[in-house]
Amino acid sequence: MADTKAKKPAAKKAEDNEKKNAWLSYSAAEKKKLEAFCEDYKAFISNCKTERECAAESIEILKKNGYKDLDECIAKGKKLKAGDKVYKNNMGKAVAAFIIGKKPVEAGMLILGAHIDSPRLDLKQVPLYEDTEQALLDTHYYGGIKKYQWVTLPLALHGVVALKDGSVVKVNIGEDPADPVFEVTDILVHLAQQQLEKTGAKVIEGEALNVLVGSEPLKGEKKNAVKANILKLLKDKYKITEDDFLSAEIEVVPAGPARDLGFDRSMITGYGHDDRVCAYTSLAAMLDVTSIDRTAACLLVDKEEIGSVGATGMHSVFFENAVAEIINLTTDYSELKVRRALANSCMLSSDVSAAYDPNYSEVFEKKNAAYFGKGIVYNKYTGSRGKSGSNDANAEYFAAIRRAMDKNKVAFQTAELGKVDVGGGGTIAYIMAKYNMQVIDAGVAVLCMHAPWEIVSKSDVYEAYKAYVAFLKEM
Ligand code: MN
Ligand code: MN
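Residues numbered from 1 in each chain as written. Chains lettered and ligands numbered in written order. Predicted model: local features only at pLDDT ≥ 70, side-chain atom pairs only at ≥ 80, totals over all residues. Heavy atoms only, no water.

A.B. asks: Describe the coordination of the manganese ion (ligand 1), with residues and values.
C.D. replies: The manganese ion (ligand 1) binds to the protein through D274 (OD), E305 (OE), E305 (OE) and H450 (NE2); the donor distances cover 2.0 to 2.6 Å. Between the manganese ion (ligand 1) and the manganese ion (ligand 2), both coordinated by D274, there is a metal-metal distance of 3.2 Å. Remark: E305 occurs in the loop between β14 (296-301) and α7 (318-330) and D274 occurs in helix α6 (residues 273-288); sequence separation between them is 31 residues. In this pair, the class of D274 matches that of E305, namely buried. (Donors = N, O, S within 2.8 Å, 3.2 Å for Na, K, Ca; no water. Helix = DSSP H or I, 4+ residues; strand = E, 2+ residues; numbered from the N terminus. Buried < 20%, exposed > 50% of the residue type's maximum accessible area, 1.4 Å probe, protein only.)

See the structure below:
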């Protein structure tokens, strides 16, 4: 579809995928650009494995590119004008960035939205215990995971411990090659006869996702000496006590960096492509924009994987409030202007799509599946069963997007998550659509979605970035 000049293909079987592979379209120079972009992306997801780390790094990137803290502008009553760039930090877990357009904000914004939380294991509030001279951390999984995928692989701990004195201790253990790592154990196959008769959902139970963190007892300690030794280490290195876990947010994630995948290095395996691949590419596109007619916004939110709830999720009025503040700093404030700004906006609600997997072809409908190397994926609708829970984008809106993509030679494809009635999923699109704005789901195709190591195609990452730039330029 991206190549409008292509001759009309001869009639093909309905299940054939007719779209050209984007890899075939690159010049040597563009391929170099693609490689460089993906190197930066790999560094981003290797360094940012929690929503907090993603938010902090995004803010650093924004600041380096001339973005000012909106809260400081508000405090100083500093008026904003066309071309000004600001960001708003939401509790260190979500970020909104704006470039003020030449037109009034109430004319509507161009919004790029994605989420920066990913499935993982969270430590419980009382996590540490000793059993038979092993120290373990109890977890509660976050988001939809196949629990059996999270055992017997090196894990890292990322997060914060908030202390009563108001200070916050950052935790990041398991990423430096010199660091220790952690692991959730599984039964040896020799004794797994009964376990292997269980269904996949029950092979590893949620309550069995306990992370092994120690086995050496503290000398002189009579009871729970291994746990006591761990507590001593935590006290010495991080100045935290057992009670401090009560006010901590520590996430257990796969340890190690994202890496090239395949002999041809055409893919990236990494933790948290869902949805940092859309977040990073959206943010990168924002940085490419200098002067625009309509105000541009990039929204990186938390909590999507558990229903977009909470103050840092898309259901929060954080974005609406930020828009109200922007309007207040650009013109005479009125609530009507806020409503108009939101209703007149266009959004790409970006989240990953399921990439076609030849090993599991039975769950895909080939004409309407997403493929590696075929560009950014647009989903008119998501949801499950009879499109339940989906934002069903308007045909007229998608026609305008197709025009923008073709004009800028962006490879794109359309897809559904899988065959009708085999499952489903949701995104943040429907939440923004309730403001009456135009929204469509877009994103990058991912293999092994929600597994500890997910896979994307480098060309799709690059085409997503190009698509977001085209959206901001043309819409
Ligand atoms: Mn997800
Ligand atoms: Mn997602």
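Picking up where we left off.
A.B. asks: Please provide a residue-by-residue account of the coordination of the manganese ion (ligand 2), values included.
C.D. replies: Every protein donor of the manganese ion (ligand 2) is accounted for by H115 (NE2), D274 (OD), D351 (OD) and D351 (OD), and the metal-donor separations fall at 2.1 to 2.5 Å. Each donor residue of the manganese ion (ligand 2) lies on the same chain, and together they follow the pattern H-x158-D-x76-D. With relative accessibility at 1%, the residue H115 sits in the buried group. We classify D274 as buried; its relative accessible area is 3%.

A.B. asks: Describe in detail the domain arrangement of the protein, supporting the description with residues and values.
C.D. replies: Taken domain by domain, the protein comprises domain 1 (19-118 + 271-474) and domain 2 (120-254). In this structure, domain 1 and domain 2 have C-alpha centres spaced 33 Å apart. Across the contact, 18 residues belong to domain 1 and 16 residues belong to domain 2. Taken together, both faces of the contact between domain 1 and domain 2 bury some 1,400 Å²; the carbon and sulfur share is 51%. If you look at where domain 1 meets domain 2, you find four salt bridges. Taking the shortest distance from any N to any O, the salt bridge between K49 and E175 comes out at 3.0 Å. (Domains from an automatic or database assignment. Contact = heavy atoms within 4.5 Å. Buried area = accessible area lost by both parts, 1.4 Å probe. Salt bridge = Lys/Arg side-chain N within 4 Å of Asp/Glu carboxyl O.)

A.B. asks: Quick rundown of helix α8 (residues 335-343)? Include the residues and the values.
C.D. replies: When we look at burial in α8, the residues that qualify are K337, V338, A341 and L342. On an axial view of α8, the arc spanned by its buried residues comes to 130 degrees, and they lie on one face. Buried residues along α8 sit against α7. (Arc of directions from axis to C-beta.)

A.B. asks: Quick one: what's the story with the sheet that holds strand β12 (residues 259-261), residue by residue and with numbers?
C.D. replies: As summarised here, the arrangement of the five strands in space is β12-β13-β23-β22-β16, forming an open sheet in which the pairing is mixed. A strand with exactly one partner marks an edge of an open sheet, and here the two such strands are β12 and β16 (353-354). Bridging between strand β13 (residues 267-270) and strand β23 (residues 454-457) involves four bridges; their strand directions are antiparallel. Bridge pairing in β23 places M267 opposite S457. Across the sheet, helix α1 (residues 28-47) touches β12 and β13, and the angle it forms with β13 is around 5 degrees. On top of the sheet, α6 reaches β13, β22 (445-447) and β23; it is set at about 35 degrees to β23, its chief contact. (Pairing = 2+ DSSP bridges. Axes fitted to C-alpha atoms, helices over the stretch in contact; angles between N-to-C directions.)

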